[in-house]
Structures are given as C-alpha cells and as structure tokens.
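# Residue-level structure breakdown
Take a look at the letters that make up each chain.
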Amino acid sequence: MKKALAIVLIVLGTIAVLGCTESPEYSESGKAATPSSELEILEHHGEIGEYGNLYVVGQAKNTGSKSLSYAEIRVKFYDADGNLLGSSFDNINDLGAGETWRFKVIYMGMDTEKVSSYKIAAGTTI
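Computed from a predicted structure; not experimentally measured. (Residues numbered from 1 in each chain as written. Predicted model: local features only at pLDDT ≥ 70, side-chain atom pairs only at ≥ 80, totals over all residues. Heavy atoms only, no water.)

Looking now at the pairing of strand β6 (residues 68–78). By the criterion of burial, β6 is predominantly enclosed, with 8 of the 11 residues buried. Alignment of β6 against strand β7 (residues 84–95), held across 10 bridges, turns out to be antiparallel. When the sheet's bridge partners are listed, Arg-74 is paired in β7 with Phe-89. Count of turn residues in the β6/β7 antiparallel hairpin: 5 residues, of which Gly-82 carries a positive phi of about 85 degrees. Looking at chain direction, β6 and strand β9 (residues 117–125) are connected through 9 bridges and run antiparallel. Among the inter-strand pairings, Lys-76 is bridged to a residue of β9, identified as Lys-119. (Buried < 20%, exposed > 50% of the residue type's maximum accessible area, 1.4 Å probe, protein only. Helix = DSSP H or I, 4+ residues; strand = E, 2+ residues; numbered from the N terminus. Pairing = 2+ DSSP bridges.)

Structure, rendered in structure tokens:
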C-alpha cells in the first residue's frame, strides 16, 4: 500500500510539471461550447483524495464582462507513452463576470497508477 501511494505521488509530481492547456472540442445541449478567453484557468494541480482517487483541482475565473451561462473544465489523462486513458470534466452554471470558481475533476479510471500526465482546457457558453 505504501509503495502504491509513493508511486501515485511521483505520478502527481509529473502531472504538475507536464500539465498543459489545449483547445477543447465539445458541446452542451446542442450548443457549441467554444474555447474561451473569458474563462481563465488561474492554477491547477493533481492531488490524491482521501480514498486514493486522483483529481485535478484548481481555480478558474470569468474574466469577461458578461455572466457565463455554462463553464466547463475538461481534463484528458495520459499514460507514460502518451496514450489517452480517459477524460472527465467539472462544470458550473451562471458564473458571473469577475467571479472565481474552484473546480475539481476526478479521474474515473481504476488504473490511477498508470496516469503520468494530463491536458486541461476551458470552455464556455454565454
């Protein structure tokens, strides 16, 4: 158990270093949620939860002048060979202009020890 936890902590250190931003391609309720200059990811990092779950947590801010009816942080998780292991997201409705949001995206896979990096992106609908 201690060895597995040590491996996960090493992986999280790698994730924190390798995490990067990309433009997402997804939709919400038939509307395109576009890459956003209004939703700025202020910071993000990986962490292990109380029960060994892997999360990407951070803060995002609506830097625009209008309320966002929908905002989303999407994360893709990769193994050491660059293979996509899975993706997940956190979202919020009605994020006002200037408001800050603390997001928490969980890795849903059972193979947490295989995750070595992630990519993170923000999208919105006004």
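This is not the end of the story, as more comes after the structure.
This next bit is on the pairing of strand β5 (residues 54–62). Two faces, one strand: in a regular strand the side chains alternate between the faces of the sheet. Most of β5 is tucked away, with 7 of its 9 residues classed as buried. Examined bridge by bridge, strand β4 (residues 39–48) and β5 share 9 bridges and lie antiparallel to one another. Bridging from a neighbouring strand, Glu-40 pairs with Lys-61 of β5. With antiparallel pairing between neighbouring strands as the criterion, β4 and β5 make up a hairpin whose turn holds 5 residues, including Gly-52 at a positive phi of roughly 90 degrees. Here β5 pairs with strand β8 (residues 100–106) via 7 bridges, running antiparallel. Counted as the bridge partner of Ala-60 is Trp-101 from β8.

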